[in-house]
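# Overview (structure and organization)
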Amino acid sequence: MYAAWDPVHTDYAADTALPGPRGLAESTDDWLAIHHGAPNGHLLHPDTNQMLASLTSGGPVHLMHTTPYLDAIRASGELHGSGGCLVGALYCAPLTPTPDGLRPHNLGTYLLRTKPDTKTLVFEVRPEAPAPPKGLNYLHLGGIHLDTYLTHRGFLTAGEDDHLRQSAVGRLREASGFLDLLLADARGERTASTTAFFHQLAATVPHMPFLGYLYFEVLSEYLLLHSTSPETKAYAFAGEMNNRLYKEVAFSAVKTMGRLFDLALFNPDRTQLTELIDRIDPALALGADAYVRRRLPHLFACAALGPDRDAGAVSFRHAGTDFDTLATMAPHLAGQLVFREMRTLPRYPALFPVFEQAKATSVYAYWNNQNIAVPFNGVLPKGELGLNLAFPRASCTAWVAETCERGLLHPTEQLNLLPVPRLADLRGTALGRAAFPGPPAPPADPSTRPALVGATSAA
């Protein structure tokens with residue numbers, strides 16, 4: 001069980017990267033060196049990244065969580081996780097204690113500014129020992145998704161199972177031309193102009209939504225590691241990556257992000273990409289398309305195939321014949337496809353506790369084995385982290401907090417809350433409300449209502 005989760009986590013104390021497929025023009029270690037050599041590459045180290053330094057210190061860790069459901073949480077006395085946050089954590093941002101109050105990480109400051117109708121909770125987690133700087137990379141969850149589907153396939157009707165498989169294969173067929181182009185690029189074989197590349201990328205994302213997530217993370221990586229704006233430099237001096245950059249990328253590119261954070265809709269073409277980056281960090285606009293063209297194929301190959309495949313032996317035109325062929329040739333992509341297709345099933349709210357709770361329970365066990373009380377988004381150590389609700393070797397104290405005029409948080413009311421290693425009901429999440437409106441009326445007794453939590457789909 002633990003072996004399956006190791007490749008999903010990035011260890012920021014390691015000198016080498018986890019290997020990718022064979023046959024790529026650039027190795028994962030090549031890209032690790034590129035990232036470390038970027039202007040903000042020093043923030044990939046545990047001793048210079050404020051969040052990583054806090055998590056690995058062995059001392060108390062302070063977190064903030066914004067929620068519109070404080071009354072429900074207070075009434076239930078429980079904290080539940082969200083399948084949209086690191087598989088099953090409680091979405092938080094870091095805090096740093098100062099003599100005058102708790103200073104939010106710039107991600108927390110962004111959340112406080114953009115979520116005015118929420119209340120803020122503060123947590124103090126006291127672990128017994130330092131944690132490793134290992135963060136969960138959700139782009140590499142394909143193998144976990146596939147294994148979970150195969151293990152719990154018996155919970156599906158024959159019609160549902162057939163629909164998942166046929167839909168996954170259908171999407172692959174529609175996207176196979178561009179996916180083969182990505183693999184060719186990753187092997188160092190340029191087969192299309194940059195303009196044609198972006199035209200096909202933008203057109204393929206609606207058929208292959210996982211590409212939207214990869215595209216977004218490539219741009220986030222480019223901005224966070226290469227920005228040298230005064231704002232970014234100030235945050236870097238404090239040991240923080242500039243979270244405003246990727247937030248503005250997402251919300252500027254997709255008009256409906258404010259309703260549901262859905263990166264499956266992220267598909268700017270080349271002109272839109274340049275205009276988008278020019279508004280966010282003008283100094284980086286001219287290099288954005290070249291970075292995406294070089295980085296996206298490599299990242300796709302690693303996320304779709306896994307480390308034990310030969311990129312030169314894969315053709316998605318041939319993998320698109322049936323689901324079993326796809327799962328053998330590109331198991332991680334098969335898992336990503338079936339995971340997203342399952343969300344479209346009418347019965348998904350009933351299936352959610354089976355499939356998603358299984359992943360959450362499994363990752364809780366991994367984190368507990370690794371002594372991780374506070375997991376973080378390991379795509380980059382940018383500030384997105386969570387609370388492991390199943391961790392047995394740490395005390396956790398919770399307060400309601402208020403923000404002063406200086407932007408510092410001050411606990412005002414201690415809460416008696418029990419962290420419960422169970423996912424909140426799907427209909428209490430943003431995804432559930434958007435995809436499955438009209439939940440049943442809550443019970444009359446507020447003490448029996450489920451604790452509702454916030455989440456991010458980027459984790």
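Throughout what follows, the structure given in this document is the object of discussion. These figures come from a predicted structure and were not determined experimentally.

On to the environment of Thr-344, then. Within the fold, Thr-344 resides in the loop between α16 (331-342) and α17 (348-370). Separated by 180 residues in sequence, Thr-344 and Leu-164 place their C-alpha atoms 9.2 Å apart. Separated by 2.6 Å, the side chain of Thr-344 and the backbone oxygen of Glu-341 make a polar contact.

Counted as a void, the second largest pocket has a volume near 950 Å³. Contributions of two or more residues to the lining of the second largest pocket are made by β1 (9-11), α2 (28-36), α6 (142-151), α9 (210-226) and α13 (288-305). Considering every element that reaches the lining of the second largest pocket, the biggest residue donor is α2, with 5 residues. Across the lining of the second largest pocket, the residue classes break down as 20 nonpolar, 15 polar and 8 charged.

Turning next to the nonpolar core. Among the nonpolar cores identified, the biggest contains 142 residues, and Leu-136, Leu-179, Leu-211, Phe-300, Phe-316, Phe-323 and Leu-333 are the most heavily contacted of them. Take this core: its biggest share by element is 12 residues, from α9.

Locating Glu-124 in the fold gives a position in strand β6 (residues 119-127). A relative accessible area of 15% means that Glu-124 is categorised as buried. Within polar-contact distance, the side chain of Glu-124 engages the side chain of His-62 at 2.9 Å. One polar contact links Glu-124 to Arg-126, side chain to side chain, over a distance of 3.0 Å. Look past the residues within four positions of Glu-124 in its chain and what remains in contact with it is Pro-60, Val-61, His-62, Ser-395, Cys-396, Thr-397 and Trp-399.

What follows concerns the environment of Val-379. Within the element layout of this structure, Val-379 appears in the loop between α17 and β8 (385-387). Residues Val-379 and Asp-30, 349 residues apart in the sequence, show an inter-C-alpha distance of 17 Å. Aside from chain neighbours lying at most four places away, what touches Val-379 is Tyr-12, Leu-136, Asn-137, Tyr-138, Leu-139 and Glu-217.

Right, let's talk about the pairing of strand β9 (residues 394-403) for a bit. In the sheet, β6 pairs with β9 via 8 bridges, with the strands oriented antiparallel. When the sheet's bridge partners are listed, Arg-126 is paired in β9 with Ser-395. Judged from the 6 bridges that link them, β9 and strand β10 (residues 409-415) form a sheet pairing that is antiparallel. Bridged to Thr-403 within β10 is Leu-409. In this antiparallel pair of consecutive strands, β9 and β10, the connection spans 5 residues, and Gly-407 shows a positive phi of 85 degrees.

So, on to the packing of helix α8 (residues 194-204) against α13. Two quantities define a packed helix pair, namely the angle between the helix axes and the distance between the axes. In contact at an axis separation of 11 Å, α8 and α13 are set at 65 degrees when each is read in the N-to-C sense. Crossing angle aside, the handedness with which α8 passes α13 is left-handed. Facing Thr-194, Phe-197, Phe-198 and Leu-201 of α8, the residues of α13 in contact are Asp-289, Val-292, Arg-293, Leu-296 and Pro-297. When grouped by side-chain class, the residues that make up the contact of α8 with α13 number 6 nonpolar, 1 polar and 2 charged.

With that settled, the discussion passes to the packing of aromatic side chains. Throughout the structure, instances matching the rule amount to 15 aromatic pairs. On the basis of an interplanar angle of 80 degrees and a centroid distance of 5.9 Å, the ring pair of Trp-31 and Tyr-291 is categorised as edge-to-face. Here the residue Trp-31 occupies a position in helix α2, and Tyr-291 occupies one in helix α13, the gap between them amounting to 260 residues. Overall, Trp-31 belongs to the buried group, its relative accessible area being 2%. Relative to Phe-266, the ring of Tyr-215 lies with its centre 5.2 Å away and its plane at 75 degrees, an arrangement referred to as edge-to-face. Placement of Tyr-215 in helix α9 and of Phe-266 in the loop between α11 (243-253) and α12 (270-280) is noted, with a sequence separation of 51 residues between them. For the pair Tyr-215 and Phe-266, one class covers both residues: buried.

β6 sits mainly inside the fold: 7 of its 9 residues count as buried. For strand β2 (residues 61-67) and β6, the ladder comprises 7 bridges, and the chain directions are antiparallel. Within the sheet, the bridge partner assigned to Leu-63 lies in β6 and is Phe-123.

Bringing helix α5 (residues 106-114) into the picture now. Within α5, burial applies to Asn-106, Leu-107, Gly-108, Tyr-110 and Leu-111. Of the surrounding elements, those touching the buried residues of α5 are β2, β4 (90-98), β5 (101-104), α10 (230-237) and α11.

Under the counting rule described, the total for this entry stands at 24 salt bridges. Salt-bridge contacts for Glu-160 lead to Arg-347; the nearest nitrogen and oxygen are separated by 2.7 Å. Highlighted residues: Glu-160 in helix α7 (residues 158-186) and Arg-347 in the loop between α16 and α17, separated in sequence by 187 residues. Given the relative accessible area of 32%, Arg-347 is considered partly exposed. Residue Lys-359 is joined to Glu-356 by a salt bridge in which the shortest nitrogen-to-oxygen separation is 3.2 Å.

Packing of α9 against α13 leaves a shortest axis separation of 9 Å and a crossing angle of 125 degrees. By the angle between their axes, α9 is oblique relative to α13. Between α9 and α13 lies a crossing of right-handed hand. Residues Phe-210, Leu-211, Leu-214, Tyr-215, Val-218, Leu-219, Glu-221, Tyr-222 and His-226 of α9 pack against Ala-288, Tyr-291, Val-292, Arg-295, Leu-296, Leu-299, Phe-300 and Ala-303 of α13. Looking at the contact of α9 with α13 residue by residue, the class counts come to 14 nonpolar, 1 polar and 2 charged.

Thresholds applied
- Residues numbered from 1 in each chain as written.
- Predicted model: local features only at pLDDT ≥ 70, side-chain atom pairs only at ≥ 80, totals over all residues.
- Heavy atoms only, no water.
- Helix = DSSP H or I, 4+ residues; strand = E, 2+ residues; numbered from the N terminus.
- Polar contact = N/O pair within 3.5 Å; in protein donor to acceptor, adjacent residues only side chain to side chain.
- 1 Å grid on protein atoms, 1.4 Å probe; cavity = no way out; pocket = protein on both sides within 12 Å on 5 of 7 lines; lining within 4 Å.
- Points joined across faces, edges and corners; volume = space filled by probe spheres on them.
- Nonpolar A, V, L, I, M, F, W, Y, C, P; charged D, E, K, R; others polar.
- Core = buried A, V, L, I, M, F, W, Y, C linked by side-chain atoms within 4.5 Å.
- Buried < 20%, exposed > 50% of the residue type's maximum accessible area, 1.4 Å probe, protein only.
- Contact = heavy atoms within 4.5 Å.
- Pairing = 2+ DSSP bridges.
- Axes fitted to C-alpha atoms, helices over the stretch in contact; angles between N-to-C directions.
- Left-handed = near helix turned anticlockwise from the far one by under 90°.
- Phe/Tyr/Trp six-rings, centres within 6.5 Å; stacked < 30°, edge-to-face > 60°.
- Salt bridge = Lys/Arg side-chain N within 4 Å of Asp/Glu carboxyl O.
- Parallel < 35°, antiparallel > 145°, perpendicular 65-115°, else oblique.

Coordinates in, geometry out; function isn't part of it.
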